[in-house]
Amino acid sequence: MKLLRTNIYIQQSHYALDILSWLAGLILPLAFAPLNFYLIAFLAPGLFFLCLLDGSIKRALWRGWLFGFGFYLTGTSWVFVSIHVFGHTNFLVAGLLTALWVSGLGLLFLIQAYIFVRLFRSKNIWTSCLGFAALWVLIEWFRTWFLTGFPWLLLGNSQLTSPLKHFAPIISVYGISFLVVLISTLLANILRQIKSTVTCLILILLIFVTGACLGHFHWTKPIGKPLQVSLVQGDIAQSIKWDPKQLQVSLQRYQKLTEQHWATWVVWPEGAVPDLYRNQTTYFANLRKLAKQHKSTLTTGTVIANMQQRALYNGLVTLGDNKGLYLKRHLVPFGEYLPMQNLLRGVISFFNIPMSSFSAGADRQPLLAVGHIKVAPFLCYEIAYLNLMLPSLPQANLLMTASDDTWFGKSWAAAQQLQMSQMRSLESGRAQAVVANDGFTALVNAQGEITKSLPRYQIGVLSGKLQPREGATPLVTLGWLPEFMSLLLLLLASLLLGWRKRY
């Protein structure tokens, strides 16, 4: 009877840790925008870490998947909005597709849990803590490029209001992710054993103090006068945007909004002119004339056609005092192109959304120009990719992101994307213009801070100034490869340090 009671207690304990893993993943997205409860980022990974210190490998796999499922269920619920509301897909089918998406992403944490338990779960706290943190970042890096990549909710993005953000110009968002997870596991270690408490607390304090001190460094310097800009937020409903009968609504609204807000640089969002550039030659010729009259440069999103290659591009054109063209490089699967379209096109309404047959632009393209200022352009989701930004630096003096987040409805996606834009400014030491159809439209300084913004879901123009800068942060100078190699060496050192003290 005593043995039976013991087994029941152990089984209940296993179930409790299973639930704790799921809950830890479920609350972690609260650390990100729009809620920004960044302290949760120091809690949730540590709870997940504690759950993996007990039980079999099979149990660890289950808890890893539960954590990942909870994390993406909360953090990427906007996928359901895109599929159901704007993809016009049946509620149940949209729910099933979202569940499959979240379940698949959960496998990444299952992989992390497996590798950790097999190789790094050790009585040596430095093997466990350092190994777990390094594995977390390598999994983040892996999902940045695997199957076109999904660098959403990288843990470092949650720290834009904490002292750790000042590490970004040196070790990037991935390095901040490592520090957050390391701090979280050290706090967890304090809970489970007393002897290392002082050492863990000293290391945690040292990380935060170093971050605060780095805030006094300025890696880039201003050049010339601040640039006067006007960002136009048209708030065109997705339900009418690509309807040819409603085309004039977009064209007239953006031109009218701009009439009273001509500046040195005027920026319209992604797809502001929802038609082929070649179909609107008269409209663009008039804009070009107006821009020159006001000694202004206008940048707008539109659709570019290459008739020889029979290709369509999601692009940006620059008119007026400067001329330029940018073609989106990194396309969103199912949104801008349809994988295996011969099989999927027509199966459900979501696979027939407008403008889902784009081609990708060249990897290397000329920077846009506003006078003598060089601008690195990004369209929507591209700003999430650090590897897309680095090649444009240090030549670029400003960053610009144009997007249309109406596909996400009133979910958290737009706020999370703005957070990623802020991180790119912080890593590069460059101010940024962020303009979106229905928001968030904002001016971001070189420290990743929003200096001015427009409310969402409103028609309006955001006018202000951006300070061009030159120079290079350590991250821009060295790139991400040294950081990646350091993580691999850290994993090897952690493995060697604790191989004799395995559980």
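Chemist: Account for the overall build of the chain, naming residues and giving values.
Modeler: Each helix and strand in the chain was counted, giving 16 helices and 15 strands. In summary, the chain has a C-alpha radius of gyration of 24 Å against a globular reference of 23 Å for 503 residues, a match within 12%. Oriented by its inertia axes, the alpha-carbon framework of the chain measures out at about 85 × 55 × 40 Å. Buried positions account for 56% of the 503 residues belonging to the chain. Relative to all contacts within the chain whose residues are 6 or more apart in sequence, the contacts with residues 24 or more apart total 71%. Of the roughly 21900 Å² that the chain leaves accessible, carbon and sulfur atoms contribute 65%. For the chain, the separation between the mean place of its 40 positive charges and that of its 19 negative charges on side chains is 7 Å.

Chemist: Give me the packing of aromatic side chains: which residues, what numbers.
Modeler: Aromatic ring pairs are described here by two measures, namely the spacing of the ring centres and the angle between the planes. Applying the stated criterion across every chain, the model contains 38 aromatic pairs. Plain terms: the ring middles of Trp 141 and Trp 145 are 5.8 Å apart, the flat faces sit at 65 degrees to each other, and that makes the pair edge-to-face. Of this pair, Trp 141 and Trp 145 are both found in helix α6 (residues 125-145), four residues apart, which corresponds to roughly one turn of the helix. By relative accessible area, which is 26% here, Trp 141 ends up partly exposed. Taking the centre distance of 5.8 Å and the plane angle of 35 degrees together, the rings of Trp 152 and Tyr 381 count as tilted. Of the two residues, Trp 152 is situated in the loop between α6 and α7 (168-192) and Tyr 381 in the loop between β9 (373-379) and α13 (386-389); the sequence distance between them amounts to 229 residues. In terms of burial, Trp 152 and Tyr 381 fall into one category: buried. Here the aromatic residues Phe 48, Phe 49, Phe 67, Phe 71, Tyr 72, Phe 109, Phe 116, Phe 132 and Trp 136 are joined through ring pairs into a cluster of three or more.

Chemist: Outline the sheet that holds strand β10 (residues 398-403), supporting the account with residue identities and numerical values.
Modeler: Pairing is mixed across the open sheet formed by six strands, whose spatial order is β8-β9-β10-β11-β12-β13. Of all strands in the sheet, those bounded by a partner on one side alone are β8 (368-370) and β13 (450-453). Taken over all neighbouring pairs, the strand axes of this sheet differ in orientation by 25 degrees on average, direction set aside. With five bridges connecting them, β9 and β10 associate as parallel partners. Each residue of the ladder has a partner; that of Leu 379, found in β10, is Ala 402. Its contacts with the sheet put helix α14 (residues 413-428) on β10, β11 (432-436), β12 (442-444) and β13, and the angle it makes with β10 is roughly 165 degrees.

Chemist: How would you summarise the side chain of Glu 270 if you had to cite specific residues and measurements?
Modeler: Mapped onto the fold, Glu 270 is located in the loop between β3 (265-267) and β4 (273-276). An unpaired buried charge is present at Glu 270: no salt bridge exists, and Lys 328, the closest side chain of opposite charge, is 4.2 Å distant. In terms of polar contacts, Glu 270 uses its side chain to reach the side chain of Asn 314, at 2.7 Å. Once you skip the residues sitting within four places of it in the chain, Glu 270 turns out to touch Lys 241, Gly 301, Asn 314, Lys 328, Glu 336, Leu 379, Cys 380, Ala 402, Ser 403 and Asp 404.

Chemist: Tell me about α7, and name the residues and values.
Modeler: Between the first and last C-alpha of α7 there are merely 31 Å, a value that for 25 residues lags more than 12% behind the 36 Å anticipated at 1.5 Å per step. With 20 of 25 residues buried, α7 lies mostly within the body of the structure.

Chemist: Describe the pairing of strand β7 (residues 324-327), and please don't skip the residues or the numbers.
Modeler: Here four bridges tie strand β6 (residues 311-320) to β7, and the two strands are oriented antiparallel to one another. Bridge assignment links Leu 316 to a residue of β7, and that residue is Tyr 326. Hairpin connection between β6 and β7: a loop of three residues separates the two successive antiparallel strands.

Chemist: Can you lay out helix α8 (residues 197-214) for me, pointing to particular residues and giving the numbers?
Modeler: Look at α8: 26 Å from first C-alpha to last across 18 residues, which is about the 26 Å you get at 1.5 Å a residue. Taken as a whole, α8 has its buried residues at Thr 197, Cys 200, Ile 204, Ile 207, Gly 211 and Leu 214. Taken down its axis, α8 places every buried residue within 145 degrees of arc, on the same side. Opposite its buried face, α8 presents the exposed residues Val 198, Ile 202 and Leu 205, each directed more than 90 degrees away. Against α6 and α7 lie the buried residues of α8.

Parameters and conventions
- Residues numbered from 1 in each chain as written.
- Predicted model: local features only at pLDDT ≥ 70, side-chain atom pairs only at ≥ 80, totals over all residues.
- Heavy atoms only, no water.
- Helix = DSSP H or I, 4+ residues; strand = E, 2+ residues; numbered from the N terminus.
- Rg over C-alpha atoms; globule rule 2.2 N^0.38 Å.
- Buried < 20%, exposed > 50% of the residue type's maximum accessible area, 1.4 Å probe, protein only.
- Contact = heavy atoms within 4.5 Å.
- Areas by Shrake-Rupley, 256 points an atom, 1.4 Å probe, with all protein chains shown as cover.
- Lys, Arg positive; Asp, Glu negative; His and termini not counted.
- Charge placed at Lys NZ, Arg CZ, Asp CG, Glu CD.
- Phe/Tyr/Trp six-rings, centres within 6.5 Å; stacked < 30°, edge-to-face > 60°.
- Pairing = 2+ DSSP bridges.
- Axes fitted to C-alpha atoms, helices over the stretch in contact; angles between N-to-C directions.
- Salt bridge = Lys/Arg side-chain N within 4 Å of Asp/Glu carboxyl O.
- Polar contact = N/O pair within 3.5 Å; in protein donor to acceptor, adjacent residues only side chain to side chain.
- Expected span 1.5 Å × (residues − 1).
- Arc of directions from axis to C-beta.

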